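Fold and contact review
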Amino acid sequence: MTQPAITLPPAYQPAANMLKERVILVTGAGQGLGSVAALAFARHGATVILHGRNIPKLEAIYDRIDAEGLPQPAIMPLDFAKATQLELDGFTQSIHATMQRLDGIFHGASHFVSPMPMALHDLDAWMLHARINLAVPAALTRACMPLLKRSGDGSVVFLTETHAIEPKAYWGPFAVVKSALASLTTILADETPGAPRFNLCVPGPVASPMRSKSHPGELASALPAPESLAPGFLYLIGPDSSGISGRMLDYRHSDSGN
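What comes next concerns the included structure.

Rules of the game
- Residues numbered from 1 in each chain as written.
- Predicted model: local features only at pLDDT ≥ 70, side-chain atom pairs only at ≥ 80, totals over all residues.
- Heavy atoms only, no water.
- Helix = DSSP H or I, 4+ residues; strand = E, 2+ residues; numbered from the N terminus.
- Polar contact = N/O pair within 3.5 Å; in protein donor to acceptor, adjacent residues only side chain to side chain.
- Contact = heavy atoms within 4.5 Å.
- Axes fitted to C-alpha atoms, helices over the stretch in contact; angles between N-to-C directions.
- Parallel < 35°, antiparallel > 145°, perpendicular 65-115°, else oblique.
- Left-handed = near helix turned anticlockwise from the far one by under 90°.
- Nonpolar A, V, L, I, M, F, W, Y, C, P; charged D, E, K, R; others polar.
- Expected span 1.5 Å × (residues − 1).
- Buried < 20%, exposed > 50% of the residue type's maximum accessible area, 1.4 Å probe, protein only.
- Arc of directions from axis to C-beta.
- Core = buried A, V, L, I, M, F, W, Y, C linked by side-chain atoms within 4.5 Å.

Attention now goes to the side chain of Ser 241. Along the polypeptide, Ser 241 turns up in the loop between α8 (230-237) and β7 (247-250). A distance of 3.1 Å separates the side chain of Ser 241 from the backbone oxygen of Leu 236, its partner in a polar contact. In this view, Ser 241 contacts Arg 197, Tyr 235 and Leu 236; residues no more than four positions away in its chain are not counted.

And the structure:
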């Protein structure tokens with residue numbers, strides 16, 4: 001990123017209905033940080049489109065949102081490991097047909113394997129990491145661009161990872177590919193002055209499914225809960241960050257984060 005990282009405003013508290021009447025697509029909504037974002041957005045008034053490939057997991061999040069009497073979400077499954085451009089275009093057309101609008105995308109879907117030496121990653125491993133963590137999110141964002149521009153205050157949030165910013169041994173294709181999201185975010189912001197906005201978020205260590213895979217001996221109870229990230233997700237996706245684009249919210253260096 002060519003611009004300095006941002007932090008949450010001091011004592012930031014998102015308004016209760018800050019996302020009312022907005023439609024937000026959350027990829028990877030069935031678990032981890034995607035599910036945290038989906039629930040947070042729904043609890044602040046958004047109609048959430050739940051994307052993932054595991055329908056039972058998506059249904060579980062749907063049921064939680066429905067049980068709280070929040071705006072009725074939609075489930076739109078798609079396997080990013082196999083998706084074609086035609087399918088991504090059809091996915092976007094389905095959003096237009098059912099919702100008539102799209103105000104934001106939270107890219108929570110990711111592919112991750114346990115850390116291992118670079119020598120163990122073959123071409124197929126590289127291609128799968130690149131497809132799910134970078135190429136498909138970029139292509140889906142492109143397909144959704146007309147809807148996002150029509151929103152007037154659209155926002156796209158990409159999730160990166162600590163080792164993409166500070167690479168270390170054994171983090172392999174995941175860190176390398178995730179590091180490219182910084183360039184993607186900057187380029188999209190430069191090419192799209194005004195709206196939609198494009199920003200990046202570094203969650204830092206939280207008790208997530210990915211963290212349990214990357215640090216199997218670590219006590220989850222010693223880490224912040226994933227829900228502690230919700231204010232940052234809301235800030236980036238909602239109107240409080242209007243005018244901010246091409247930036248990175250780094251929870252590792254935020255008093256409001258972890």
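Text resumes after the structure shown.
Looking now at the packing of helix α1 (residues 32-43) against α8. Contact pair α1 / α8: the axes reach a minimum separation of 9 Å and the direction vectors enclose 65°. One way to sum up the angle between α1 and α8 is to call them roughly perpendicular. The chirality of how α1 crosses α8 is right-handed. In this structure, α1 uses Leu 33, Val 36, Ala 37, Ala 40 and Phe 41 to contact α8, whose residues at the interface are Ala 230, Phe 233, Leu 234 and Ile 237. Within the contact of α1 with α8, the residues separate by chemical class into 9 nonpolar, no polar and no charged.

Right, let's talk about helix α3 (residues 85-99) for a bit. In this model, α3 (15 residues) spans 21 Å end to end at C-alpha, consistent with the 21 Å of a helix rising 1.5 Å per residue. All of the buried residues in α3 are Leu 88, Phe 91, Thr 92, Ile 95 and Met 99. Axial view of α3: buried residues confined to an arc of 90°, hence all on one face. With respect to the buried face of α3, the exposed residues turned more than 90 degrees away are Leu 86, Gln 93 and Ala 97. Note on α3: the residue one or two positions beyond its end, Gln 100, has a positive phi of about 65°.

Now for the nonpolar core. Counting 37 residues, the largest nonpolar core has Val 26, Phe 41, Val 48, Leu 50, Phe 106 and Phe 233 as the members making the most contacts within it. Listing elements by their share of this core, those giving two or more residues are β1 (23-27), α1, β2 (47-52), α2 (55-67), β5 (155-159) and α8. Top element by residues in this core is α1. It accounts for 8 residues. With residues up to four places along the chain from it excluded, the contact list for Leu 50 reads Val 26, Ala 29, Ala 38, Leu 58, Ile 61, Tyr 62, Ile 65, Pro 73, Ala 74, Ile 75 and Met 76. Of all hydrophobic cores here, the second largest spans 33 residues; its members include Phe 91, Met 99, Ile 105 and Leu 200.

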